[in-house]
Amino acid sequence: MASTLSVDVLIAGGGPCGLMLAIELGRRGIRCLLVDAKPSTAFNPQANATQARTMEHFRRLGFAHEIRSMGLPPDHPTDIAYLTRFAGIELARLRLPTAAAAPQAIKNMSGSWSAAELPHRVSQKYVEVCLHRHAQQQASVEIRYGWQLASFKDTGCGITALVQSVKGEEQLLVQAAYLVGADGARSMVRHQLGIAWGGATGFKRKFMGGKMLAVYLKAPDFYARNPNDRSWMYVVVNPELRAFIMSVDGVSEFAFHIQMADDAATEALTEADARRLFVQAFGQTIDIEILSMATWMAGHALVAESFQKGRVFLGGDAAHLFTPTGGLGYNTAVEDAVNLSWKLASVLKGQAPAALLDSYHHERHALAERNTSYARQFADSIGLFEAVPELEDNSPQGESARALASDYLNGHARREFNIPGVTFGGRYDGSPIIVKDGTTAPPDAANSYTPCATPGGRPPHAWLSDGRSLFDTFHTEWTLLVLGPEPVDTTAFEYAATTLGMDLKAVLHTSPEILDLYQAPLVLIRPDQIVAWRGHGGEPAQPVVAKVMGSGDTVHGHTSDPDLPA
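All figures in this text were calculated on a predicted structure; none of them were measured in a lab.

1. Some thoughts on the sheet that holds strand β11 (residues 197-200)
Spatial ordering of the open sheet is given by β11-β17-β20, a layout of three strands whose pairing is antiparallel. Both edges of this open sheet fall to β11 and β20 (320-322), since each of them pairs with a single strand only. Neighbour to neighbour, the strand axes of the sheet diverge by 15° on average, direction disregarded. Two elements, strand β17 (residues 301-304) and β20, share three bridges in a ladder whose sense is antiparallel. Each bridged residue has a counterpart across the sheet, and for L302 the counterpart in β20 is L321.

2. Things to note about helix α5 (residues 124-136)
Think of an α-helix as 3.6 residues a turn; residues three or four steps apart then line up on the same face. A rise of 1.5 Å per residue sets the reference length of α5, with its 13 residues, at 18 Å; its end C-alpha atoms lie 18 Å apart and thus fit the reference within 8%. Burial analysis of α5 places ten of its 13 residues in the buried class, the great majority of the element. When we look at burial in α5, the residues that qualify are Q124, K125, Y126, V127, E128, C130, L131, H132, H134 and A135.

3. Considering empty space enclosed by the protein
The full count for this structure, using the stated rule, is three cavities of 30 Å³ or more. The space that makes up the largest cavity amounts to roughly 220 Å³. If you trace the largest cavity, you find 18 residues lining it, with R53, E335, N371, V422 and T423 closest to the centre. Among the secondary structure elements, those contributing two or more residues to the lining of the largest cavity are α2 (52-60), α9 (329-348), α10 (358-383) and α12 (420-424). The element contributing the most residues to the lining of the largest cavity is α10, with four residues.

4. Some points on the nonpolar core
Among the nonpolar cores identified, the biggest contains 121 residues, and F58 and Y82 are the most heavily contacted of them. The biggest single contributor to this core is α9, with ten residues. Discounting residues that sit within four places of it in the chain, Y82 has contacts with I89, E90, L91, A92, V235, V237, I382, L409, H412, A413, E416 and F417. Listed in part, the 28 residues of the second largest apolar core include A87, Y223, M260 and F282.

5. Structural notes on the packing of aromatic side chains
The geometry of an aromatic ring pair comes down to the distance between the two centres and the angle between the two planes. Under the defined criterion, the tally for this structure stands at 24 aromatic pairs. For the pair F43 and Y216, a centre-to-centre distance of 5.4 Å together with 65° between the ring planes defines the contact as edge-to-face. Taken as a pair, F43 in the loop between β2 (32-36) and β3 (49-50) and Y216 in strand β12 (residues 210-218) lie far apart in primary sequence, 173 residues in all. For F43, a relative accessible area of 48% puts it in the partly exposed group. Seen from their ring centres, F86 and Y234 are 6.5 Å apart, and the 75° between their planes marks the pair as edge-to-face. Taken as a pair, F86 in the loop between β4 (80-83) and β5 (90-94) and Y234 in strand β13 (residues 233-237) lie far apart in primary sequence, 148 residues in all. The exposure class of F86 is buried, given its relative accessible area of 0%. Given a relative accessible area of 0%, Y234 falls into the buried group. Chaining the aromatic ring pairs together yields one cluster made of F86, F222, Y223, Y234, F254, F256, F278 and F282. Taking the ring centre of F43 as reference, the NZ or CZ of K125 above it sits at 5.3 Å. If you follow R230 out to its NZ or CZ, it ends over the ring of Y223, 3.6 Å from the centre.

6. Structural notes on the packing of α9 against α10
Close contact between α9 and α10 brings their axes to 10 Å; oriented N to C, the two are set at 170°. Compared by their axis directions, α9 and α10 come out roughly antiparallel. Contact residues: α9 offers T332, E335, D336, N339, L340 and K343, while α10 offers S359, Y360, E363, R364 and N371. For the contact of α9 with α10, a count of residues per class yields two nonpolar, four polar and five charged.

7. Remarks on the side chain of T98
Of note, T98 is situated in the loop between β5 and α4 (102-105). At a separation of 3.1 Å, a polar atom in the side chain of T98 contacts the main-chain amide nitrogen of A101. Ignoring sequence-local partners within four residues, the contact set of T98 consists of P74, D75, H76, P77 and T78.

8. Focus: the pairing of strand β23 (residues 522-525)
Neither face of β23 is exposed, since L522 and L524 on one face and V523 and I525 on the opposite face are all buried. In this sheet, β23 lies alongside strand β21 (residues 478-483) in antiparallel orientation, the contact comprising four bridges. For L480, the partnering residue across the bridge sits in β23 and is L524. Looking at chain direction, β23 and strand β24 (residues 531-535) are connected through four bridges and run antiparallel. Within the sheet, the bridge partner assigned to I525 lies in β24 and is V531. Adjacent in sequence and paired antiparallel, β23 and β24 are bridged by five residues, among which Q529 carries a positive phi angle near 55°.

9. Description of the layout of surface pockets
By volume, the second largest pocket is sized at about 330 Å³. Along its surface, the second largest pocket is lined by 20 residues, and K206, L241, R242, Q259 and A261 are the ones closest to its centre. Secondary-structure elements contributing two or more residues to the lining of the second largest pocket are β15 (253-259) and α8 (271-282). Within the lining of the second largest pocket, the residues separate by chemical class into eight nonpolar, five polar and seven charged.

10. What to know about unusual backbone geometry
Although it is not a glycine, Q46 adopts a positive phi angle of roughly 55°. Here Q46 shows up in the loop between β2 and β3. Taking the relative accessible area as the measure of exposure, Q46 reaches 46% and is therefore partly exposed. Here the phi dihedral of Q519 falls at roughly 60°; this positive angle occurs in a residue that is not glycine. Summarising the element assignment, Q519 is placed in the loop between α14 (512-518) and β23.

Scoring rules and cut-offs
Residues numbered from 1 in each chain as written. Predicted model: local features only at pLDDT ≥ 70, side-chain atom pairs only at ≥ 80, totals over all residues. Heavy atoms only, no water. Pairing = 2+ DSSP bridges. Helix = DSSP H or I, 4+ residues; strand = E, 2+ residues; numbered from the N terminus. Axes fitted to C-alpha atoms, helices over the stretch in contact; angles between N-to-C directions. Expected span 1.5 Å × (residues − 1). Buried < 20%, exposed > 50% of the residue type's maximum accessible area, 1.4 Å probe, protein only. 1 Å grid on protein atoms, 1.4 Å probe; cavity = no way out; pocket = protein on both sides within 12 Å on 5 of 7 lines; lining within 4 Å. Points joined across faces, edges and corners; volume = space filled by probe spheres on them. Core = buried A, V, L, I, M, F, W, Y, C linked by side-chain atoms within 4.5 Å. Contact = heavy atoms within 4.5 Å. Phe/Tyr/Trp six-rings, centres within 6.5 Å; stacked < 30°, edge-to-face > 60°. Lys NZ or Arg CZ within 6 Å of the ring centre and 35° of its normal. Parallel < 35°, antiparallel > 145°, perpendicular 65-115°, else oblique. Nonpolar A, V, L, I, M, F, W, Y, C, P; charged D, E, K, R; others polar. Polar contact = N/O pair within 3.5 Å; in protein donor to acceptor, adjacent residues only side chain to side chain.

Rendered as structure tokens:
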């Protein structure tokens, strides 16, 4: 007979979304059980780019420096290069800072890249190890690899679920208040809920559209035999084949992906085929050791029609599927967990009504649609580019073809990989728990970002005179920024927060520059570092606090423009 375990939250899936959720809930004392059918963290590289906003969340949790130390050696270039073959003629390159240079480089940047962290190029297999370690450190979190969710029922008052070992030899009956399905693209949770995919799929392109072959391999001679400058990512643009490769460890391990023309035939490819294709992509004979190989489908831009049904939520690949251009899938998954975790904790602790949880779908569904749309645009940009037969010719026609390709690909590299607008510009406009103030944020754009404190988005960033990031001064839960040389009284806000059991801390910054950045002396920052409200003092605090916690009616903040609604 199966034993019984009672927890607050059952998490199905131990990828970045599930592990991040366990960390966020665990540090708030929420009892969690996470199950994942894998024997341990990921073996294959999988996602390979941690965007700057994700790094800011890792910084908030205290381990961004650990993530930045993983993967490539500190002095390894993180460039993206486009070539006729891996060891062929270079067509374009985007040069980016190394991991060692990034912490200082970001302090000298401003405008679109005004941030606490730069992106980091690291394979998901390393990220999961770090996330797993921090999740295990949470006393209220239990992680069971080699276990999977077998069945569940939402009773209306809670979740009754059966989890079992992969071999079926052991079973555990779980009673939980909530279930989160972060169980991947073929999510059992989503299927049982009957939630369909929205969006589009099946896009066919010369590259990043259709079946792809993925090979995790060792190529000890890759750098020594390659005449081009060292890079993190190499993209082959060639009429014979389209492929890319990413360095996993900066030494000998790589993730190699090649577009296949025949979807059906791709499934029958052997290791001998993979070796042949790698030699063709490299441009000369080279020995490799294959660690694993699999096929995957590019051309998705799918978002589940709902992220919640009753007491069950979806996150990560269970909620959205991307073509990986732009590296947005894993990063969107992390922010799903960041958004949902504080809301679950607030409800479970009795600080907020269950209605707060409805905002998860409202906020994250729109963001997933936005991000899958951007990824699709990036895939079209590179995948529909035609590699002409003359590209490798040693002739005037070849030189002309390469010049045209160079011009286009240098532009594309910036369109796909210099994306501060995608990274920082995601917003929750229209959310029921954001207090509008009558202002409008700048237009959303992939390649530019204008810092803006209009409620609903990421707080503007600044470096303080003592070298700290402004974000480092934020409280771990709710922050009330008190800005300017003449601080506004915060007694009413602190009292209103106390009555709800809301963990709020007033943080004073007298700098006129930060006041000018935020355009208001009072700014309420959510636990997921989103501006929830801003005002000038004198506003009734209780309605604001009630709304941002999911129990208030329409509330408007104050701005410096008296004609805007108060």
